[in-house]
Amino acid sequence: MGSNSDDLNLERNGINMKVLLKDGSSKEYAEPMAIIDIAKDISEGLARVACVAELDGEAVDLRTVVDGEHELNILTFDSEEGKAAYRHTASHVLAQAIKRLYPEAKCAIGPSIADGFYYDFDMESLDREALDKIEKEMKKIVKEGAELERFTLPRQEAIELMKKREEPYKVELIEDLPEDAQISFYQQGEYIDLCAGPHLMSTKPLKAMKLISSSGAYWRGNEKNKMLTRVYGTAFTKKADLDAHMEHLADIKKRDHNKLGREMELFTTVDVIGQGLPLIMPNGAKMIMKLQRWIEDLEDKEWGYIRTKTPLMAKSDLYKISGHWDHYTDGMFVLGDEEKDKEVFALRPMTCPFQYYVFKASQKSYRDLPCRYGETSTLFRNEESGEMHGLTRVRQFTISEGHLVVRPDQMVEEFKGCIALAQYCLQTLGLEEDVTYHLSKWDPENKEKYIGEAEVWEETEQHIRNILMELNIPFTEDVGEAAFYGPKVDINAKNVYGKEDTMITVQWDALLAEQFDMYYIDENGEKVRPYIIHRTSLGCYERTLAWLIEKYAGLFPTWLCPEQVRVLPISEKYSEYAERVKAELDKNGVDATVDNRSEKIGFKIREARLKKIPYMLIVGQKEQEENLVSLRSRYKGDEGQVALSDFIQDIVEEIQTKEIRKIEVEEQPSEGKKG
């Protein structure tokens, strides 16, 4: 919209401006008009709650003057654009408060983010007391109700302004812009910030703000740059919404695997060992062992996989054949220097080239395919230090990796089978509703990143698209997310903070068989190139453990728990019976311990609950005499006395079926049975 002919027609009718609104209606005006005034003309109520506008599809300030003919959508805090403008304005209020209280602080950047905003400053670190002090100053600024005024300067004048205000980070940002650029600024009171906007009209609408935390952040995300102080905050139009959000953050904090996983002694990290190299502690190792045994048995006994075990490193020659040396070396740990050493090795970032040579070790006929190779693979990837987090992004990890070598006519059905296996694993773990599906495609604008011809990529992407549609799986298409040798289905999930990671991958490869001279003999005695599916059934065990910690807040399904039952004798007199109970549980494959400490039973119960153990069996005189146990579970609380044999039968069935039981009561700590 807004062509010269449209403008001319408007002028002939004595109309200089026309806007088409979202509801299909239109407004016509004789003179150009600011969007805020158009909002007032529509409704004073709308003008009061408006945050920003969308003009011909682009987010703009309400102070923007409209001329000619345009599409206009006036947005409130209920829209994503409205929230962004509201919170971006709050970030400027934060910066103004910081500059008032800490005049020597230097401002870097302060964008809105998914649930709030942050601002980076070159200044001392800030504790909670300091954040509360800053928050108080922010409220004072809001009360002042300063209007935000936008102005622009030529690049050189903009640099001089920021130099005069002693803001070196702003100067650096401006110097990165073209020499002929007009640089926009926003001013509220004495505070001026380099900013593209859009923003609220003034600070007055900011109602409920909270500074959440402070941490370190490298300037421009580069660890070679200076560490700045990042202040996180959020803002809402209603205090009730802010309170609800803070409750949500408290729940997130309780579920954060990085915190809870350490508290439950599932894993830890040590500086002298290195970042991204977690130590999986006995409890965590037991959980991963259970997952691994389940997956290996599932793949081998029910899905026809053949297990392999291949080296953790290989010569550079292997990775040159596969293409990883040209396309992935930055992500690998290379051992040696090609200019100095006769042989250079690298730790493996994936297992596929190794399993190809298992296939090539003997001649295969068309009757031998598909060959489904599975391996519990330890892999190594040289992640950037700023990317690593707990168990979700590490430098060494273990994965349920597999490669299927198939005939072209088998490819579609085998690909569907890989998706079905992944879905079964997710369903068993109770995670199937937490994922999204993505068709990760190549980027035809950056062909140098990939091998193979455009026709092959387009054909294979269409095959995957057809499969997902046939299976009625909703999916999005992500350009540039494919591996260098083929498109894939990525099954993604978000952590408690909203960051998305890939959990499971199924990848279509029509290219690498050529690289490795892989073939089978068809029914006519001819050599034919197979296709390959790269896939995981569960994905990375460490990342899955992190996912499970956050999903269940540590209250795992019983079959996964490192300790499933704790036997609690009410006094030392019943320790022998408690040990007999444990022995029966052990015999039936139940992970049990006995708490023989000379503590009160109430103390033992509370501690077992804090350890998130599914079942407690309390034993005293009557239990011993009648071969009973007093059962307490996380699911139903105090369930009374039951026969030991009945309890064992029930828990064994629960473990074998991998049942996910619902918690029916929120049991409070109790002194428990007195005897």
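Let us look at the structure shown here. These numbers were taken from a predicted model, which means no experiment stands behind them.

## Let's talk about empty space enclosed by the protein
Point 1. What the rule picks out here adds up to two cavities of 30 Å³ or more.
Point 2. As a volume, the largest cavity reaches approximately 90 Å³.
Point 3. Contributing to the lining of the largest cavity are His257, Thr392, Ala493, Lys494, Asn495, Lys499, Asp501, Met503, Arg543, Ala546, Trp547 and Glu550.
Point 4. Looking at the lining of the largest cavity, the elements with two or more residues in it are strand E26 (488-494), strand E27 (500-509) and helix H17 (541-552).
Point 5. Considering every element that reaches the lining of the largest cavity, the biggest residue donor is H17, with four residues.
Point 6. Across the lining of the largest cavity, the residue classes break down as four nonpolar, three polar and five charged.
Point 7. If you add up the space inside the second largest cavity, you get close to 30 Å³.
Point 8. Contributing to the lining of the second largest cavity are Val456, Trp457, Thr460, Tyr485, Gly486, Pro487, Trp508, Asp509, Ala510 and Leu511.
Point 9. When residues of the lining of the second largest cavity are traced back to their parent elements, those giving at least two are helix H15 (454-470) and E27.
Point 10. A total of three residues in the lining of the second largest cavity trace back to one element, the largest contributor, which is H15.
Point 11. Looking at the lining of the second largest cavity residue by residue, the classes come out as seven nonpolar, two polar and one charged.

## Section: unusual backbone geometry
Point 1. Of note, the bond from glycine 197 into proline 198 is cis; its omega dihedral lies within 30 degrees of zero at -5°.
Point 2. Tracing the sequence through the fold places proline 198 in the loop between strand E13 (191-194) and strand E14 (208-218).
Point 3. In this structure, proline 370 follows leucine 369 across a cis peptide bond, with omega equal to 5°.
Point 4. Relative to the helices and strands, proline 370 is located in the loop between helix H13 (352-360) and strand E22 (371-380).
Point 5. For aspartate 517, which is not glycine, the phi torsion reads 55° and is therefore positive.
Point 6. Along the chain, aspartate 517 falls in the loop between helix H16 (512-515) and strand E28 (520-521).
Point 7. Of note in the backbone geometry, asparagine 627 takes a positive phi value of approximately 55° without being a glycine.

Cut-offs and rules
Residues numbered from 1 in each chain as written. Predicted model: local features only at pLDDT ≥ 70, side-chain atom pairs only at ≥ 80, totals over all residues. Heavy atoms only, no water. 1 Å grid on protein atoms, 1.4 Å probe; cavity = no way out; pocket = protein on both sides within 12 Å on 5 of 7 lines; lining within 4 Å. Points joined across faces, edges and corners; volume = space filled by probe spheres on them. Helix = DSSP H or I, 4+ residues; strand = E, 2+ residues; numbered from the N terminus. Nonpolar A, V, L, I, M, F, W, Y, C, P; charged D, E, K, R; others polar.

Shape is all these values report; function is a separate question.
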